[in-house]
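# Close look at the chain arrangement
Here's the letter readout for the chains.
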Amino acid sequence: MTIKQLHFILIFLLSMVTLTAQTQGDKPLIMPKDTIVVKDSLKTAADTLHKKGSDVDSVVYASGKDSLIFFVQDRKMDIYGSGDLKYKNTNLKSGKIFVDFTTNNVQAFGKESDSLKGQLTETPVLVDKGEEYKGTRMRYNFKTTRGYITYAATKGEEAAYSGAKINKMDRSTFFIEHGLYTTCDATDPHYCFYGTEMKVIQKEQMMGKWVWLTFAGVPFPIPLPFVVVPLQSGRRSGLIPPAYGESADYGQYFSHIGYFWAINDYVDEALTGDYFTKGSYRLNSRFRYAKRYNFSGLIQGGYADLVTGEKTDAGRTERKEWNIQVVHNQTLTPTSRFDVNLNFLSSSLYNKLNSTDLNSLLNNVITSNATYYKNWEESGSSMSVNYNRTQNLNSGNISEILPSLSFSKSQFYPFKSSASSTSNKWYELFGISYNGQLQNRRIKEQGDLQIRGGIQHSISTGFSPKFGYFNVAPSFSYHEDWYTKQIERTSVLNAAGTSDSVITRDVHKLGFVRTYSMGISASTKLYGILQPQFAGIAAIRHIISPSISYNFTPDFSKDKWGYYGKYKSAHSGEEVIYNKYEKEIFGGASRGEQQSIGLNVDNLFEMKTTTDPHDTTSKENKIQLLNLNGGINYNFAADSMRFSNLYLGYRTQVGSILSFSGSSSYSLYSYDSSGRSIGKFLLDDNKGLLRLNSFNLSVSLNFSGDKITSGKSENTNAQGTGMPGVSSAYQEANKTYRGIYETEEADFSIPWNISLNYNYSMSKSNPFVTTKYSNVSGNFNFNLTPTWKFIVSGSYDIDNKRFAAPQVAVSKDLHCWLMNFTWNPLGSYTGYRFEIRVKAPQLQDLKVTKADNFYSGR
């Protein structure tokens, strides 16, 4: 059958429109009596249309499989058979399309099927700026973008609407008659909201009267007279739904009920509270702010009035607990920044009752820091001002360093010539570095406040000339500490005269502690290469890096230095030496001369694989097989036992599968009947050459299946509470309502994963007493099916034969829903949590949760 084509171009002079039409089929185009057939000249059609005018302001493209008919005088066009109409960002496809250029209205219908009686084919499909609308009948206005669709369905970015009739008022507002709303993209949605009258404002909210929530087509038996569902993704203001529970001490409760206020793109506030039926309550506030690439932070605090027992009970208690946290991170300039993380807590009880983070519950020490940092890249200098505070929640002791000022100058070469040269004189390799600190420490223990402060100067030199194959590096370091206090000790007899008591008192006196040390080291490298050229191994390389060093530190406890004091025991009359500056912030001078030689040997074993000659993409791989190092020192100035322990360390990494590391130390000296080391070699005592002093080993294994790739990406962890300008890691670390049962969302794309860790340590400093610890921990997760994932994690103390923090989790991907079950079978926080929730972030509060546990927090 021959194919004939007919092209029409109609130019509307008034609106500067070109209408291009194309029709193709087995018959010529048939024109009714009131139509105009344009052949060679377009002038008549143009003049005629110019009188009528049109609001269409762009090119309209149209095509039809069966026929395309123009009614020039009426400015109308009919398209039959697979009609396709394009205008700007709008594309309409339908079996029948009728266009009226006077009113800019378009009507589209499906056509009856030739094979299936009573059914329609080629039903209208409208795509408007990426949004698709489907129905059996459609009326649409190009200019106003308003219209209605009969028996229609439309799909937005994350939700779908359908109904007997959809009336589109503008690009974001729909009125739906007998409508369905769902975020499920299945052909038959697993759940939906059904209502006779619904209004949808895209990305804002869905409203409806007498709405049923249906599951698998079965409606919940009780309808809701009026429903408003927020459809915003990301941060949005709204009520925070409460959780219900029961505590043995405080009664039944509603927790974290409150309001979240998204003030703007940079600031938000969350106010929550807890109420207990026995009279206790908690109030919490969290204020966050952020500006991308500039600063971010939060201020949060809480207050709790905790009551246990009735008013008539003898054991009734009332406690008021509070906490304050301030976090601020700001880049002031490219070379300076300011970071604050302050935590203040009344006691550990607040954490135990209010925190939902397992790590916080187990942590008995909280630390606060505030730091201003500035560096000068041109001169290699940097400065930092820091405040540090540590609070022990068990004892209540507080340690503060306020202020702490540090200035450092990186190594510079004072004798180096400014002229560039490839070879330097030996004296040009001499470098100097400096570091200075000022610290004031406040320690409060059991109500007693102690204040210590000081200034420290440190100067180090570096010099690294090379002699042949050897690198020689002499060094010298000098330290000077300034203090305003020192201690003085005296001894007095007790009342019975049987022993003496040592009295220590502070003396306010300016003191200087000047110490120095010097040394020299030499090192080189030796290479050995073996090229077996079999089993895919191209070469094995062994690198030996031996080094020898000498260090000298004088004995600063001698009288000439003045850093140590003496007193006589009132009971025995013996002279006792003490360090005058042992309580100061930088400590005092060392006691005893150090004059030692150290020997260290590092070994590195590497392997290079061969390329596959049959694969042009094959590449050589370099694999690090083993790192093995050892060292020992010899102190000339010691009276006895001049050799230190022999140290050995080893480490290997086989891809991402196996990690192996460990260390051990050995003593060369014998011991007495009580296990104390004596100045006699084991070899001389017929006890061998070395004695194992300590040993530790760590092995990690990690196996996983190949990741399953899919053309469809689903984010099952969308929370919709992110804040612009704040990194995901920052948001994750500061989630307000994290629970101990809230684990990382299951990744169904990894079919299975096994990670095992084994740790073993042994200490045998006393040969008659052995202290051992061994532990196995692991995580095993696997997909039973593509939508079922099981996760088992925990650790086992081999020596004490008990499990620590085991946990079992099961996740099920229910397409548009997600089910999580977490069970803690043992420990202080035994219990389970079961939850089914909608994946869509705009409906994250649509969930069912059941928990049974002994944990009283949120």
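Cut-offs used in this document
- Residues numbered from 1 in each chain as written.
- Predicted model: local features only at pLDDT ≥ 70, side-chain atom pairs only at ≥ 80, totals over all residues.
- Heavy atoms only, no water.
- Helix = DSSP H or I, 4+ residues; strand = E, 2+ residues; numbered from the N terminus.
- Buried < 20%, exposed > 50% of the residue type's maximum accessible area, 1.4 Å probe, protein only.
- Contact = heavy atoms within 4.5 Å.
- Patch = residues over 30% accessible without salt bridge, like charges linked within 9 Å, V, L, I, M, F, W, Y side chains within 5 Å.
- Areas by Shrake-Rupley, 256 points an atom, 1.4 Å probe, with all protein chains shown as cover.
- Salt bridge = Lys/Arg side-chain N within 4 Å of Asp/Glu carboxyl O.
- Core = buried A, V, L, I, M, F, W, Y, C linked by side-chain atoms within 4.5 Å.
- Phe/Tyr/Trp six-rings, centres within 6.5 Å; stacked < 30°, edge-to-face > 60°.
- Lys NZ or Arg CZ within 6 Å of the ring centre and 35° of its normal.
- Pairing = 2+ DSSP bridges.

This brings us to the overall build of the chain. In terms of helices and strands, the chain carries 4 helices and 53 strands. Within the chain, buried positions represent 36% of all 858 residues. Relative to all contacts within the chain whose residues are 6 or more apart in sequence, the contacts with residues 24 or more apart total 49%.

Let us now look at a nonpolar patch on the surface. Together, Y275, Y281, L283, Y303, W322 and I324 give the surface a local cluster of nonpolar side chains, amounting to about 580 Å² of exposed area. Mapped by element, the contributors of at least two residues to the nonpolar patch are β24 (281–291) and β26 (317–333). When you line up the elements, Y275 lands in strand β23 (residues 267–276).

Grouped together as the largest cluster of nonpolar side chains are 40 residues, with contacts concentrated most on M77, L85, L92, I97, Y191 and F193. Non-local contacts of L92, meaning those with residues more than four positions away in its chain, are made with G83, D84, L85, I97, V106, A108, V125, L126 and M138. Y483, F556, I585 and A589 belong to the second-largest nonpolar core, a separate cluster that totals 9 residues.

Before going further, it helps to examine the packing of aromatic side chains. Scanning the entire structure with this criterion turns up 29 aromatic pairs. Between F556 and W561, the aromatic rings sit 4.9 Å apart at their centres with planes inclined by 65°, giving edge-to-face as the arrangement. The exposure class of W561 is partly exposed, given its relative accessible area of 27%. Between Y671 and F768 the ring centres are 5.7 Å apart and the planes differ by 90°, which places this aromatic pair in the edge-to-face class. With Y671 in strand β44 (residues 669–671) and F768 in the loop between β47 (752–763) and β48 (771–785), the pair connects residues that are 97 residues apart, well separated along the chain. By way of ring pairs, the aromatic residues F476, Y516, F556, W561 and Y563 are connected into one cluster. Here the guanidinium or amino end of R292 rests over the ring plane of Y293, the centre of that ring lying 5.9 Å away.

Moving on to the pairing of strand β7 (residues 105–109). Across the 5 residues that make up β7, a large majority, 4, are buried. In terms of strand pairing, strand β6 (residues 90–100) meets β7 through 5 bridges, oriented antiparallel. Bridge pairing links V99 to V106 in β7. Counted between consecutive antiparallel strands, the loop separating β6 from β7 contains 4 residues, among which N104 sits at a positive phi close to 65°. Where β7 meets strand β12 (residues 137–141), 5 bridges bridge the pair, whose relative direction is antiparallel. Of the residues in β12, the one forming a bridge with V106 is Y140.

The omega torsion across L402 and P403 is -5°, close enough to zero to call that bond cis. Within the secondary structure, P403 sits in strand β30 (residues 398–412). Even without being glycine, S82 reaches a positive phi, approximately 50°. Tracing the sequence through the fold places S82 in strand β5 (residues 76–87). Its relative accessible area of 35% is what places S82 among the partly exposed residues. A positive phi angle is found at N104, which is not glycine, with a value near 65°. On the accessibility criterion, N104 (5% relative accessible area) is buried.

Let us look at the pattern of salt bridges. The tally for this structure, following the rule as stated, stands at 21 salt bridges. A salt bridge links R319 to E321, with the nearest nitrogen and oxygen atoms 2.7 Å apart. Among the residues examined, R319 registers a relative accessible area of 39% and is labelled partly exposed. D672 is the partner of R676 in a salt bridge, and the nearest nitrogen-oxygen pair spans 3.5 Å. Its relative accessible area of 58% is what places R676 among the exposed residues. By relative accessible area, D672 is classed as partly exposed at 23%.

Without other data, these values stay purely geometric and don't point to any function.
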